[in-house]
Amino acid sequence: MGVALTRSAQWMAAGCGTETLEITPLNEAILNEIIVFVESFIYKHPQEAKFVFVEPLEWKTSLDPSAFESGYVVSETTVRSEEADKNGEPLLFLSVPQIKIRSFGQLSHFLYIARDTKLKEAQACLEANRDPVVKILGSDYSTKKGEDSSALNILDKITKDDDPESEFKMSLATLIQQLDLHLLNHSLKHISLEIHLNPSTVKNDIELLKRFSGKGEHTVLESIEYTSDYEFSNGCRAPPWRQMHGEVCYVTVKPHDADKLCVTCSTEGVFLNGGKAEDKGEINYERKSEIYQDLVTFLKDKSATFSENMAKQENKFNEEKQKEEKEPEEAPPKEGAAAIGKAVAGSGKNTLEKNQYTLGKNQIGKRLEPSLNWKTNVGYKDNRSSLKDTQEDKYGSRFEKPRSPVSYGRGQKSPLKDTQEEKHGSKLEKKRLSVSYGRTPALRKGPDKIEDIVSESSSESEEDEEPPDHRQEANADLPSEYWQIQKLVKYLKGGNQTATVIALCSMKDFNLAQDTCQLAIRDVGGLEVLINLLDTDEVKCKIGSLKILKEISHNPQIRRNIVDLGGLPILVKILDSSNKHLKCLAAETIANVAKFRRARRAVRQHGGITKLVALLDCAQNSTEPPQPSLYETRDVEVARCGALALWSCSKSYANKEAIRLAGGIPLLARLLKTSHQNMLIPVVGTLQECASEASYRAAIKAERIIENLVKNLNSENEQLQEHCAMAIYQCAEDEETRDLVRLHGGLKPLASLLNNTDNKERLAAVTGAIWKCSISRENVTKFREYKAIETLLELLTDQPEEVLVNVVGALGECCQEHENRVIVRKCGGIQPLVNLLVGINQALLVNVTKAVGACAVEPESMMIIDRLDGVRLLWSLLKNPHPDVKASAAWALCPCIENAKDAGEMVRSFVGGLELVVNLLKSDNKEVLASICAAITNIAKDQENLAVITDHGVVPLLSKLANTNNDKLRRHLAEAISHCCMWGRNKVAFGEHKAVAPLVRYLKSNDTNVHRATAQALYQLSEEADNCITMHENGAVKLLLDMVGSPDQDLQEAAAGCISNIRRLALATEKARYT
Amino acid sequence: MNRKKLQKLTHNLVKNCKHFNKHEVSCLVNLFYNLVGDVAERPGTVIGLDRNAFRNILHMTFGMTDDMIMDRVFRGFDKDNDGCVSVSEWINGLSLFLRGTLEEKMKYCFEVFDLNGDGFISKEEMFHMLKNSLLKQPSEEDPDEGIKDLVEITLKKMDCDHDGKLSFADYEQAVREETLLLEAFGPCLPDTESQMEFEAQVFKNPHEFNYDV
């Protein structure tokens, strides 16, 4: 007579119009349960049995009046009970065949009288009274229209009316509620025993598989086809006589790794049939394999490729399934505020109901609606074995407790927001999860989970991968803390604020840094309560709750749970509170939670960044009350917590921008002037994080932050030093900033910090800062004064890569100066540098090649490099896949070739080396091209090598590059061309490949280096008459005439030489004409 | 009461009061006489707020609800135990209520919770004070089990010398560790919000202060 009943009545008669209950084992079982309940009612609950129904239950009975005995006034066609209500109306009235009954007492009697026909009577009664609860308790209790009539709802209603009967009504309502759950539970067991596929599930499955089939490696199948195009109105494709056997359709499947399979899909499951005879088109219907529960399982068993690819596609596949699943019915809330608690309870119920729905329809054999729930169905079955025992007694005890209204002190909002139903929901969910993990995770997770994870994986690429959600196994041995915490959470739920505060304080005494306790709090439903408490008006409860959340949110899983439960908006709201202590705790909690992207986004979207930035402002208002109230705290602390939260948040780009827009930079700059270490670390941390953005770097310069960063380099605190160095590293890309660091005396502390190599993080930051600072020559001079170069050289060995990259980068910059190169050589720095050329870290290779290249400028150093086979190593790096490494290696080769003793011979000794270089001219990276041109320039200085590269086709390749606007490339290209002109008929060849005209245009560039190189190239090319004509045609003479007036001597000379060649040709032509 | 007398009274009270300045005292004195109403001053009768009137104020102004705690608060104010709060008791009590230091408040709260005044908060007293703090769950065999457990939890948390009862020293140590435990057995101090509201209204214009009693 409860919700379940009306629901079962619904599905049993669904779609038929005539309201009859099918005779099925399930229905029978339910009816029997109801009968047992009603029969025993009069003994178990004598008080409630007397309660008069609002409306009588009325139906046609087959019982004869003569069956009634004592207690009834019997006539031939009527029976009336002696028991009557206040108005004298009998509680049972039979007027053949209509019967009206108005109390449970009479119902019990009636069933007793009915004896053998009990079942039939009960069925008739329920068919005639589709919503018995309404009739019994009144329309307030309708279960038909409302999805959820939770216990709490009913209780609410009851407490509202002051009816004297309300007490009975209430207990009756609770009893019905219990029965309801009992029935649901009972029917669940039944349903899970018989899984049926139906045409729509099969169809959807096939459609989905089709989408993932086709040619290619990543599809799950090669093809999947129906054998018949005709679909009957009931969704089946099997011929009618086969439908009798429950067969739905036949498909031919071609997996990647097996022969064609002909498969029968029936309501029983999926199996291999005898195959389709090609000639007759007839199918051999006989079963040739085991029956599998569904198509996917079948195929997984038959094809290894399928299961492999399926695993890859699984997420997508499930997502699609999810979407379709949601269409037919109201989608369960996607990520409701209390995702795990509420939504899951809802969806758990939905699926349950839907399962019944499908099943019922199946039995009627009517046209079916799509439903894809067999998967979850299966899930239930799997779980049933482990669930059965615990579940039943759980329900038994849990649902017996009726809620009585509680009067809270001081109008506290009830922390008991979750209803018992939710508890049921989360319990169920929890177990489902715990059981299903480990098998095929993606398949079996609750619908909300999948949704969540899929959307995450697409958007979260940072450091924060979703850790698997380990729930405590229901049967696992639980530590004693678990039970103690469970008890405390119970008091949190059921206590007024005094008890809540005591429970919170006691909970705080557990070792909240420990996983066991953190997860225990979550697993007993404590997180929901703690978050709910934040939504109350009770300051003390909020403080207590935050103190715990702050600790347990160090756990990555808990963070996610807090976000899932909608904790962030509440936390953000608390930032507005007038209580500073609360603000602090909320900010600290946010600082912990916002360690992953989704959380950071949530903070921003709820306006948290602005509020956090506002917290930074506190420190300036020195108007602290003379006597801070009890639970209050200091402004500085508020600002510190604000900075801490911003630090976490500032790892997302959009948040950096939001902090800036909220005016955070001046505030951070102000806080940086304080001397509290606790404050400085998060402030500098935030700045350091944000300095990756150009806008911040500009602001940091403008707000004179560098000065304070430098000052704090001298602090005692290693972490602070590290963040300051890091911030300088980020900012020192800018020349002005580098100068500022020097002017504020930052170089000396940086250099001295190099001596402490224990803290690798700090060392990396410090070396990074040194690297960037040493881009300015003045800074390098300072570093040399501070003996930093020697120290850097010591760091070339036994350091982590992060440090090495920076150290080598710094050396690369320092070695631009002669003195430093000498130091490097004398300190034996070349050997370790060359050794690093064999690494694989791309950033490191770029820096190492640069440093080696810088050293090679010194002929003495070059000898060492050559001896160590450094040139060959550099040359091999031209094969590195990354263009930056290639370019950097090619640049480094230039001074090597230039300064090596027997350069030509050395270059020739690299087998295939020249061909490699020439082929790199086909690259599409400008930097690579420029560097290779430079290398070719140097290679071409040796005639023999020039001959080789000419053979490899260097001329057409260089000519092809001529049409470029990149000045760097233009310069090196022109140089390469001018050097390559020295061989054979290359001068002619350049002309033929149309390199001359573009070269003339280079003269219009603004770069003198380009001019010089171009003029030299043109000078070489102008020795060929045809080229002179081309130059003349393209207006080279006028441009070259201007160049002759240049202060650059080489340029003057080349331009003049070129003009003279052109002129000479003109004269010769004239001469020829006149003679 | 005439003006001169009032001034003298205020003057005397200010001397003995730690946390209020003269203006505040005079505001509170005015409020006190507004609340007491115009009772002719006769020798032999005490002018002041009786238990009911005082409880009304606690309830309406400071949002307290627990009858027992309110009674204890009244006793805390009524130092001379004559069943009514006189003007000096009123000023001193409010001084603690609104401006008290942690030490003062601890002392006061301990007195409130020490129901029989023997210097210890015993298990029985705790039980008494916490008995309404949990939602009754009839399914449990012993409905008081939860409360008893809660008392044990509290004792474990606060009874530093493990003698099964709370001395002031125990209480003080526990509160210093965790300020939330100051009002461990029930709210007996005004919460910040009502306190601010009260101050804002009273110290601005005491005559307009309206109690809606």
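Just so you know, the residues in each chain are numbered from 1, in the order the chain's sequence is written. Chain labels run from A onward and ligand labels from 1 onward, assigned in the order the entries are written. Predicted model: local features are reported for residues with pLDDT of at least 70 only, side-chain atom pairs are reported and counted for 80 or more only, and whole-chain, interface and lining totals are derived from all residues. Side-chain numbers come from the whole structure's heavy atoms, not from hydrogens or water.

**Quick look at the overall build of chain B**
Secondary structure is summarised from DSSP: a helix means a run of H or I of at least four residues, a strand means a run of E of at least two, and numbering begins at the N terminus for each. A count of helices and strands for chain B gives ten helices and four strands. If you list the helices and strands of chain B from N to C, you get α-α-β-α-α-β-α-α-β-α-α-β-α-α. Should any heavy atoms of two residues lie within 4.5 Å, those residues are counted as being in contact. Relative to all contacts within chain B whose residues are 6 or more apart in sequence, the contacts with residues 24 or more apart total 62%. Of the roughly 10,900 Å² that chain B leaves accessible, carbon and sulfur atoms contribute 48%. A 1.4 Å probe and the Shrake-Rupley method give the accessible areas. Residues count as covered only by the protein chains that appear here.

**Some remarks on the overall build of chain A**
A count of helical and extended segments in chain A gives 58 helices and ten strands. When accessible area is computed with a 1.4 Å probe and restricted to protein chains, residues below 20% of their type maximum are described as buried, those above 50% as exposed, and intermediate ones as partly exposed. Burial statistics for chain A: of 1075 residues in total, 57% are counted as buried. In the form shown here, chain A has an accessible surface area of approximately 45,600 Å², with 49% of it arising from carbon and sulfur atoms.

**Notes on the sheet that holds strand β6 (residues 223-226) of chain A**
Residues and elements named next belong to chain A. Strands are treated as partners if at least two bridges between them are detected by DSSP. On the basis of which strands lie adjacent, the open sheet formed by five strands has the order β6-β7-β8-β9-β10 and antiparallel pairing. Both outer strands of the open sheet, β6 and β10 (283-287), are each paired with one neighbouring strand and no more. In this sheet, adjacent strand axes meet at a mean angle of 35° when their direction is disregarded. As defined by bridge partners, strand β8 (residues 261-266) adjoins strand β9 (residues 269-276) across four bridges and the pair is classed as antiparallel. The residue of β9 that forms the bridge with threonine 264 is phenylalanine 271. Note on geometry: axes are C-alpha line fits, over the in-contact stretch for helices, and angles between N-to-C directions span 0 to 180 degrees.

**Here we look at the pairing of strand β5 (residues 98-103) of chain A**
All names here are of chain A. In the sheet, strand β1 (residues 52-60) pairs with β5 via five bridges, with the strands oriented antiparallel. Looking at the pairing, glutamate 58 lines up with lysine 100 of β5. Sheet topology note: the strand β4 (residues 92-95)/β5 ladder contains four bridges and is antiparallel. Considered in β5, the bridge of serine 95 is made with glutamine 98. In this structure, the hairpin formed by β4 and β5 is closed by a connection of two residues.

**Looking at the packing of helix α33 (residues 705-713) of chain A against helix α34 (residues 718-731) of chain A**
All names here are of chain A. Across the interface, α33 lies against α34 with an axial gap of 8 Å and an inter-helix angle of 140°. Handedness of the crossing formed by α33 with α34: left-handed. For the pair α33 and α34, the contacting residues are Ile706, Leu709, Val710, Asn712 and Leu713 in the first and Leu720, Gln721, Cys724, Ala725, Ala727, Ile728 and Cys731 in the second. By definition, turning the near helix anticlockwise from the far helix through less than a right angle yields a left-handed crossing, and turning it clockwise yields a right-handed one.

**Some thoughts on the environment of isoleucine 706 of chain A**
Relative to the assigned elements, isoleucine 706 of chain A resides in helix α33. For isoleucine 706 of chain A, the contacting residues outside a window of four places in its chain are Ile700, Cys731, Thr737, Leu740, Val741 and His744 of chain A.

**Concerning the pairing of β4 of chain A**
Residue and element names in this part refer to chain A. Residue alternation in β4 divides its side chains into a buried set, Leu92 and Leu94, and an unburied set, Phe93 and Ser95. Where strand β3 (residues 78-81) lies against β4, three bridges are found, and the strand directions are antiparallel. Paired with valine 79 across the strands is leucine 94, a residue of β4.

**Quick notes on the nonpolar core**
As a rule of thumb, nonpolar side chains are buried together in soluble globular proteins. Each nonpolar core is a collection of buried residues, namely Ala, Val, Leu, Ile, Met, Phe, Trp, Tyr and Cys, held together in the definition by side-chain atoms within 4.5 Å. One finds Ile590 of chain A together with Trp90 and Phe97 of chain B to be the most contacted residues of the largest nonpolar core, which totals 283 residues. Residues contacting tryptophan 90 of chain B, with those up to four places away along its chain left out, are Leu28, Leu31, Phe32, Leu35, Leu49, Phe54, Ile57, Phe77 and Val85 of chain B.

**Overview of the pattern of salt bridges**
Residues and elements named next belong to chain A. Throughout this description, the term salt bridge denotes a Lys or Arg side-chain nitrogen within 4 Å of a carboxyl oxygen of Asp or Glu. Overall, the coordinates contain 46 salt bridges over all chains when judged by the stated rule. Among the salt bridges present, the one from lysine 611 reaches aspartate 576, with a minimum N-O distance of 3.0 Å. Taken together, the positions of lysine 611 in helix α27 (residues 608-616) and aspartate 576 in the loop between α24 (567-574) and α25 (580-593) put the pair 35 residues apart, joining distant regions of the chain. In this structure aspartate 576 comes out as partly exposed when scored by relative accessible area, which is 48%.

**Digging into the environment of isoleucine 939 of chain A**
Residues and elements named next belong to chain A. Locating isoleucine 939 in the fold gives a position in helix α49 (residues 926-939). Measuring from C-alpha to C-alpha, the distance between isoleucine 939 and valine 907 comes to 7.7 Å, with 32 residues separating the pair along the chain. Each residue touching isoleucine 939, except ones within four places of it in the same chain, is listed here: Trp875, Ile897, Leu914, Val917, Asn945 and Ile949.

**As for the sheet that holds β3 of chain A**
All names here are of chain A. Sheet architecture is open: five strands sit in the order β1-β5-β4-β3-β2, paired in antiparallel fashion. Both outer strands of the open sheet, β1 and β2 (72-74), are each paired with one neighbouring strand and no more. Sheet twist, expressed as the average angle between the axes of neighbouring strands with direction ignored, equals 10°. Strand contacts of helix α4 (residues 104-114): β1, β2, β3, β4 and β5, with the helix running at about 135° to β5, the strand carrying the most contacts.

**Some thoughts on the side chain of serine 1022 of chain A**
Residues and elements named next belong to chain A. Within the fold, serine 1022 resides in the loop between α55 (1008-1021) and α56 (1025-1033). On the basis of relative accessible area, serine 1022 is assigned to the buried category, the value being 3%. In this structure serine 1022 touches Cys1028, Met1031, Cys1058 and Asn1061, once residues within four positions along its chain are discounted.

**Let's talk about the environment of glutamine 243 of chain A**
All names here are of chain A. Among the structural elements, glutamine 243 can be located in helix α10 (residues 240-243). Measuring from C-alpha to C-alpha, the distance between glutamine 243 and threonine 267 comes to 9.5 Å, with 24 residues separating the pair along the chain. In this view, glutamine 243 contacts Phe232, Asn234, Cys236 and Ala238; residues no more than four positions away in its chain are not counted.

**Structural notes on the packing of helix α40 (residues 801-814) of chain A against helix α43 (residues 842-856) of chain A**
Helices that pack against each other are described as a pair by the angle of their axes relative to one another and the distance between those axes. All names here are of chain A. Interaxial distance between α40 and α43 falls to 8 Å at its minimum, and their mutual angle equals 25°. One element, α40, and the other, α43, form an angle in the roughly parallel class. Between α40 and α43 lies a crossing of left-handed hand. The segment α40 lies against α43, with Leu804, Val805, Val808, Gly809, Gly812 and Glu813 engaging Ala843, Leu844, Asn847, Val848, Lys850, Ala851 and Ala854. By the convention adopted, Pro, Cys, Tyr, Trp, Phe, Met, Ile, Leu, Val and Ala count as nonpolar, Lys, Arg, Asp and Glu as charged, and the other residues, Gly among them, as polar. Among the residues forming the contact of α40 with α43, the class breakdown is eight nonpolar, three polar and two charged. Roughly parallel covers angles under 35 degrees, roughly antiparallel covers those over 145, roughly perpendicular covers 65 to 115, and oblique covers all other angles.

**What about unusual backbone geometry?**
With a phi close to 60°, aspartate 798 of chain A is a non-glycine residue in the positive phi region. By the element assignment, aspartate 798 of chain A lies in the loop between α39 (788-794) and α40. Phi at asparagine 81 of chain B is positive, roughly 55°, even though this residue is not glycine. Given the relative accessible area of 57%, asparagine 81 of chain B is considered exposed.

**Here's the deal with the side chain of arginine 738 of chain A**
Residue and element names in this part refer to chain A. Counting through the fold element by element, arginine 738 comes out in helix α35 (residues 735-743). The charge count treats Lys and Arg as positive and Asp and Glu as negative. His and the chain ends do not count. One buried charged residue, arginine 738, forms no salt bridge at all, with the nearest opposite charge on glutamate 735 at 4.7 Å. Setting aside chain neighbours within four positions, we find arginine 738 in contact with Ala732, Glu733, Lys772, Cys773, Ile775, Ser776 and Asn779.

**Description of helix α58 (residues 1049-1074) of chain A**
Residue and element names in this part refer to chain A. Here the expected length of a helix is defined as 1.5 Å per residue gap, with one fewer gap than residues. Compared with the 38 Å implied by 1.5 Å per residue over 26 residues, the 37 Å span of α58 between its first and last C-alpha is a close match. Along α58, the residues that are buried comprise Leu1051, Ala1054, Ala1055, Gly1057, Cys1058, Ile1059, Asn1061 and Ile1062. Packed against the buried residues of α58 are α55, α56 and α57 (1036-1044). Counting of polar contacts relies on pairs of N or O atoms within 3.5 Å, with two restrictions inside protein: one atom must be capable of donating a hydrogen and the other of accepting it, and residues adjacent in sequence are counted only when both atoms are side-chain atoms. A side-chain oxygen of the first residue of α58 lies 3.0 Å from the backbone nitrogen of aspartate 1050; this N-cap is aspartate 1048.

**With respect to the packing of aromatic side chains**
Between 30 and 60 degrees the pair is tilted, below 30 it is stacked and above 60 it is edge-to-face, where a pair is any two Phe, Tyr or Trp rings, Trp via its six-membered ring, whose centres lie within 6.5 Å. Applying the stated criterion across every chain, the model contains 20 aromatic pairs over all chains. Taking 5.2 Å as the distance between ring centres and 45° as the angle between the ring planes, the aromatic pair formed by tryptophan 875 of chain A and phenylalanine 910 of chain A counts as tilted. Placement of tryptophan 875 of chain A in helix α45 (residues 870-876) and of phenylalanine 910 of chain A in the loop between α47 (903-909) and α48 (913-919) is noted, with a sequence separation of 35 residues between them. Overall, the relative accessible area of 12% leaves phenylalanine 910 of chain A in the buried class. Look at phenylalanine 32 of chain B and tryptophan 90 of chain B: their rings are 5.9 Å apart centre to centre, the planes differ by 45°, and that puts the pair in the tilted class.

**Here we look at the confidence of the model for chain B**
Residue and element names in this part refer to chain B. One number per residue, pLDDT, summarises how confident the predictor is, and it ranges from 0 to 100. Mean pLDDT over chain B works out to 83, with 88% of the residues at or above the 70 mark. Every residue in residues 209-213 scores below 50 in pLDDT, and together they form 13 contacts with partners more than four places removed in sequence or on other chains. As a predicted assembly, this complex carries a pTM of 0.59 together with an ipTM value of 0.90.

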